[in-house]
Amino acid sequence: MNRFALAVSSAIARVTESALGPYQTAVIRIGFSATWLLFLLREFPHRQELYGPDGPWDFDLAQQLIGTNGSFTALMWLRGGTWFETVYLFAVLTAVLLLVGWRTRAMSVLFMVGVLSLQNRSIFMGDGGDNVLHLMCVYLVFTRCGQVWSLDERRARRAREAHARGERVAPDRVGPVLWSVSGFVLVAVTAAGRLDGDLTVPLILWISWLAPAVWWIVGRRARTAEPRILLDVIGNVVHNGALLVIMAEACLIYATAGWYKIQGSRWQDGTAVYYPLHLDYFSPWPALADVLSSSGTMVMLITYGTVVVQVAFPFTLFNRRVKNVLLAAMITEHAVIAVVLGLPFFSLAMIAADAVFLPASFLRRLGDLAARARGRLAGLVRRGDDPVKPPAPRSPENPEHAHVGSSA
């Protein structure tokens, strides 16, 4: 009984004292924001047909759908091309800022607004990857995804170093301005009745806006450290809970896909992979698809292997070595899907979801390699910018130079 109580107390302390998985959440932040950003940039020439006024799913149809399901989208607030362009560019900007980790608490909320606004406007656009992104952008709001590999972490580190040197740190002015502007917009939109419908997203927006105010008031007004400690504990619990939900969501996706595949006759006889390889829509490289489908044994192995990996993966999380092997197999599978079937954004979204299970030691080594590569690149750039110094002019007072000149 004492061992059980000790294990429970240590587990509670681990969940409440720190935000777990800082590298995993950073990879998820980078992966999903990069996926969304690349999709928006690739579809920029076609944005009007996908989500704008020129699409087959016009404003009136979208309004009827939103009135039925109550989903959130800022594109329904105003009619017209100017507002659509503003929201689209807003989605691009928030994806860039979340990618680099600038004000991640606010940008994760605004990133969610951009994703939901476009995806809920035209729900028939995209592939399976947009469903994953749709869910993960909501979960990211509750995580502390800027602890590492972000501009926020660099700013906090420089502030700590300045404090250690006894230097005065300038007060943060960007944060209060960003909070005030977003609060003004939120109050105005709520007062105008634009947040009617499902209460999930409006509740997240209001809580995300009020939480920093409570944090600031407690930090300035509390006479003891207990209120701030309590807020830290709440923040850690919320972060760790959201991280657990992300992991459970990824397992649920694979388990559901695997068990549904088992019920299909084409997956049972080992030929399911053959058919999408010969669909024009999923064959950007017909020659490569022909090579893969030319061997019946290879098709059978890939078909059965896909089912086995997807069904078995949730059960391997308690064995680190087996989990890492299956994780590498799934990431490789998604990379192949991206190239062979022409589904890059679906594959990127799934690889980003898989990243939550990557070992922290591997991610740290990966970060170190990226930092060294960036340092070498910066050194090359600096050397390229330095002007080449001309040789020193020969001086008649220098006998060595005079000797060289006479010899010539």
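All right, on to the packing of aromatic side chains then. Aromatic rings considered in pairs are described by the distance between their centres and by the relative angle of their planes. Enumeration over the complete set of coordinates arrives at 14 aromatic pairs. Between Trp-36 and Phe-39, the aromatic rings sit 5.8 Å apart at their centres with planes inclined by 20°, giving stacked as the arrangement. Of the two residues, Trp-36 and Phe-39 are both situated in helix H2 (residues 22-42); the distance of three residues between them amounts to about one turn of the helix. Its relative accessible area of 14% is what places Phe-39 among the buried residues. Taken together, a centroid distance of 5.5 Å and an interplanar angle of 85° make the contact between Phe-39 and Phe-345 edge-to-face. Here the residue Phe-39 occupies a position in helix H2, and Phe-345 occupies one in helix H16 (residues 344-354), the gap between them amounting to 306 residues. By way of ring pairs, the aromatic residues Trp-36, Phe-39 and Phe-345 are connected into one cluster.

Take the packing of helix H11 (residues 226-262) against helix H14 (residues 296-312) next. It is the contact of H11 with H14, at a shortest axis distance of 7 Å, that shows an interaxial angle of 135°. Considered as vectors, H11 and H14 are oriented oblique to each other. Crossing geometry of H11 relative to H14 is assigned as left-handed. Residues Tyr-254, Ala-255, Ala-257, Gly-258, Trp-259, Lys-261 and Ile-262 of H11 lie in contact with H14, whose contacting residues are Thr-306, Val-307, Gln-310 and Val-311. Residue composition of the contact of H11 with H14, by class: seven nonpolar, three polar and one charged.

Since the α-helix packs 3.6 residues into each turn, any two residues three or four apart lie on the same face. Helix length check: helix H8 (residues 151-164) (14 residues) gives 20 Å between terminal C-alpha atoms against 20 Å at 1.5 Å per residue, within 8%. Positive backbone phi, approximately 80°, marks Gly-166, located one or two places after H8.

Counting 68 residues, the largest nonpolar core has Phe-32, Trp-36, Met-112 and Leu-118 as its most contacted members. In terms of residue count, H2 provides more of this core than any other element does, nine residues in total. Ignoring anything within four residues of it in the chain, the contact list for Met-112 reads Cys-137, Val-138, Val-141, Val-201, Ile-204 and Leu-205. Among the nonpolar cores identified, the runner-up in size contains eight residues, and Val-273, Val-299, Val-340 and Leu-343 belong to it.

A word on a nonpolar patch on the surface. A surface patch of nonpolar side chains, about 330 Å² in accessible area, is lined by Phe-142, Leu-230, Ile-234 and Val-238. As for its placement among the helices and strands, Leu-230 is situated in helix H11.

On to the packing of helix H5 (residues 81-100) against helix H6 (residues 104-121), then. Here H5 crosses H6 at 140°, and the two axes come no closer than 8 Å. In terms of their interaxial angle, H5 and H6 are classed as oblique. In this structure, H5 meets H6 at a crossing whose hand is left-handed. Residue-level inspection shows Phe-84, Val-87, Tyr-88, Phe-90, Ala-91, Thr-94, Ala-95, Leu-97 and Leu-98 of H5 in contact with H6, the latter providing Thr-104, Met-107, Ser-108, Leu-110, Phe-111, Val-113, Gly-114, Ser-117 and Leu-118. When its residues are assigned to classes, the contact of H5 with H6 shows 13 nonpolar, five polar and no charged.

Applying the stated criterion across every chain, the model contains eight salt bridges. Residue Arg-79 is joined to Asp-60 by a salt bridge in which the shortest nitrogen-to-oxygen separation is 3.1 Å. Here Arg-79 is found in the loop between helix H4 (59-69) and H5, whereas its partner Asp-60 is found in helix H4, with 19 residues between them in sequence. Since its relative accessible area comes to 56%, Arg-79 is described here as exposed. Asp-60 sits in the partly exposed class, given a relative accessible area of 39%. Residues Arg-157 and Glu-153 are paired through a salt bridge, measuring 3.1 Å at the closest nitrogen-oxygen approach.

Basis of the calculations
Residues numbered from 1 in each chain as written. Predicted model: local features only at pLDDT ≥ 70, side-chain atom pairs only at ≥ 80, totals over all residues. Heavy atoms only, no water. Phe/Tyr/Trp six-rings, centres within 6.5 Å; stacked < 30°, edge-to-face > 60°. Helix = DSSP H or I, 4+ residues; strand = E, 2+ residues; numbered from the N terminus. Buried < 20%, exposed > 50% of the residue type's maximum accessible area, 1.4 Å probe, protein only. Axes fitted to C-alpha atoms, helices over the stretch in contact; angles between N-to-C directions. Parallel < 35°, antiparallel > 145°, perpendicular 65-115°, else oblique. Left-handed = near helix turned anticlockwise from the far one by under 90°. Contact = heavy atoms within 4.5 Å. Nonpolar A, V, L, I, M, F, W, Y, C, P; charged D, E, K, R; others polar. Expected span 1.5 Å × (residues − 1). Core = buried A, V, L, I, M, F, W, Y, C linked by side-chain atoms within 4.5 Å. Patch = residues over 30% accessible without salt bridge, like charges linked within 9 Å, V, L, I, M, F, W, Y side chains within 5 Å. Areas by Shrake-Rupley, 256 points an atom, 1.4 Å probe, with all protein chains shown as cover. Salt bridge = Lys/Arg side-chain N within 4 Å of Asp/Glu carboxyl O.

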